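The chain contents come next:
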Amino acid sequence: QVQLVESGGGLAQAGGSLRLSCVASGGAVDTYFMAWFRQVPGQERGFVAGISKNGHFTEYSDSVKGRFTVSEDVAKNTVYLQMNNLSVGDTALYYCAADARIMRIRYSPLQYDYWGQGTQVTVSS
């Protein structure tokens, strides 16, 4: 099964940018539907962005649409989440997730079999 390792989180000021990376091993990212989720303590893990197996289709939550971009580098076996114009509301633990079976975007974390360890994003005003 695929192993996912996330990095790129840290501190950012409101209006700033961060790029998260999720490196996959044991499986090729273009054979999985990949997604990013985020979670704040005490809240449910929520969908942020997803990318289809062929990388041709992406989907975003309304709260990040226009600010975040998910992309995939097959050669590096890595999925990215470029986060621009960050706001305090983006503060969360960000996870990448993968599933080989789903063929269209799924918004529930229960629909993904594989998860990274998470990387913390903290945005200050």
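Residues numbered from 1 in each chain as written. Predicted model: local features only at pLDDT ≥ 70, side-chain atom pairs only at ≥ 80, totals over all residues. Heavy atoms only, no water.

## Here's the deal with the side chain of asparagine 77
What counts is decided by this rule: Strands are runs of DSSP state E lasting at least two residues, helices are runs of H or I lasting at least four, and both sets are numbered from the N terminus onward. Polar contact is defined as a pair of N or O atoms within 3.5 Å, subject to the rule that within protein one atom must be able to donate a hydrogen and the other to accept it, and that residues adjacent in sequence are counted only when both atoms are side-chain atoms. Should any heavy atoms of two residues lie within 4.5 Å, those residues are considered in contact.
Inspection of the secondary structure assignment puts asparagine 77 in the loop between strand E7 (68-73) and strand E8 (78-83). A polar side-chain atom of asparagine 77 sits 2.7 Å from the main-chain carbonyl oxygen of alanine 24. Apart from residues no more than four positions distant in its own chain, asparagine 77 is found in contact with Cys22, Val23, Ala24, Ser25, Gly27, Ala28 and Val29.

## A look at the side chain of serine 21
Worth spelling out the cut-off: The buried label applies to any residue whose accessible area, calculated with a 1.4 Å probe on protein chains only, is under 20% of its type's maximum; exposed applies above 50%, and partly exposed to all values in between.
Relative to the helices and strands, serine 21 is located in strand E3 (residues 18-25). Overall, serine 21 belongs to the buried group, its relative accessible area being 13%. Ignoring anything within four residues of it in the chain, the contact list for serine 21 reads Val5, Glu6, Ser7, Trp36, Thr78, Val79 and Tyr80.

## A look at the layout of surface pockets
How we decide: Only protein atoms enter the 1 Å grid, on which a cavity is a set of points fitting a 1.4 Å probe that cannot get out and a pocket is an open set with protein on both sides within 12 Å along at least 5 of 7 lines, lining residues being those with an atom within 4 Å of a point. Grid points are joined across faces, edges and corners, and a volume is the space filled by probe spheres set on the points.
If you add up the space inside the largest pocket, you get close to 150 Å³. In terms of lining, the largest pocket is formed by 13 residues, of which the most central are Phe33, Ser52, Phe57, Met103 and Arg104. Elements supplying a minimum of two residues to the lining of the largest pocket: strand E5 (46-51) and strand E6 (58-60).

## Observations concerning the nonpolar core
Quick note on the threshold: Nine residue types can take part in a nonpolar core, namely buried Ala, Val, Leu, Ile, Met, Phe, Trp, Tyr and Cys, and a core is a set of them joined through side-chain atoms within 4.5 Å.
Leu4, Met34, Trp36, Leu81, Met83 and Tyr94 are the most contacted members of the largest nonpolar core, which has 29 residues in total. When contributions to this core are tallied by element, the ones reaching two or more residues are E3, strand E4 (33-39), E5, E7, E8, strand E9 (92-99) and strand E11 (119-124). Apart from the residues lying within four places of it in its own chain, the contact partners of leucine 81 are Leu18, Arg19, Leu20, Trp36, Val48, Ala49, Phe68, Thr69, Val70 and Tyr94. Grouped together as the second largest cluster of nonpolar side chains are 8 residues, Ala35, Phe37, Phe47 and Ile102 included.

## Some points on the environment of lysine 76
Position of lysine 76 relative to the elements: it lies in the loop between E7 and E8. With a relative accessible area of 53%, lysine 76 lands in the exposed category. In this structure, the C-alpha to C-alpha distance between lysine 76 and alanine 28, residues 48 residues apart in sequence, is 9.5 Å.

## Observations concerning the pattern of salt bridges
Just so we agree on the cut-off: We count a salt bridge whenever a side-chain nitrogen from Lys or Arg sits within 4 Å of a carboxyl oxygen from Asp or Glu.
Enumeration over the complete set of coordinates arrives at 5 salt bridges. A salt bridge links aspartate 90 to arginine 38; its shortest N-O distance comes to 2.9 Å. One end of the pair, aspartate 90, is in the loop between E8 and E9; the other, arginine 38, is in strand E4, with 52 residues separating them in the sequence. Of the two residues examined, aspartate 90 and arginine 38, each falls in the buried class. Taking the shortest distance from any N to any O, the salt bridge between arginine 67 and aspartate 90 comes out at 2.7 Å. Separated by 23 residues along the polypeptide, arginine 67 in the loop between E6 and E7 and aspartate 90 in the loop between E8 and E9 bring together distant segments of the chain. Each member of the pair arginine 67 and aspartate 90 is classed as buried. Here the salt bridges share partners, and the residues they tie into one network are Arg38, Arg67 and Asp90.

Purely geometric numbers; function is a separate question.
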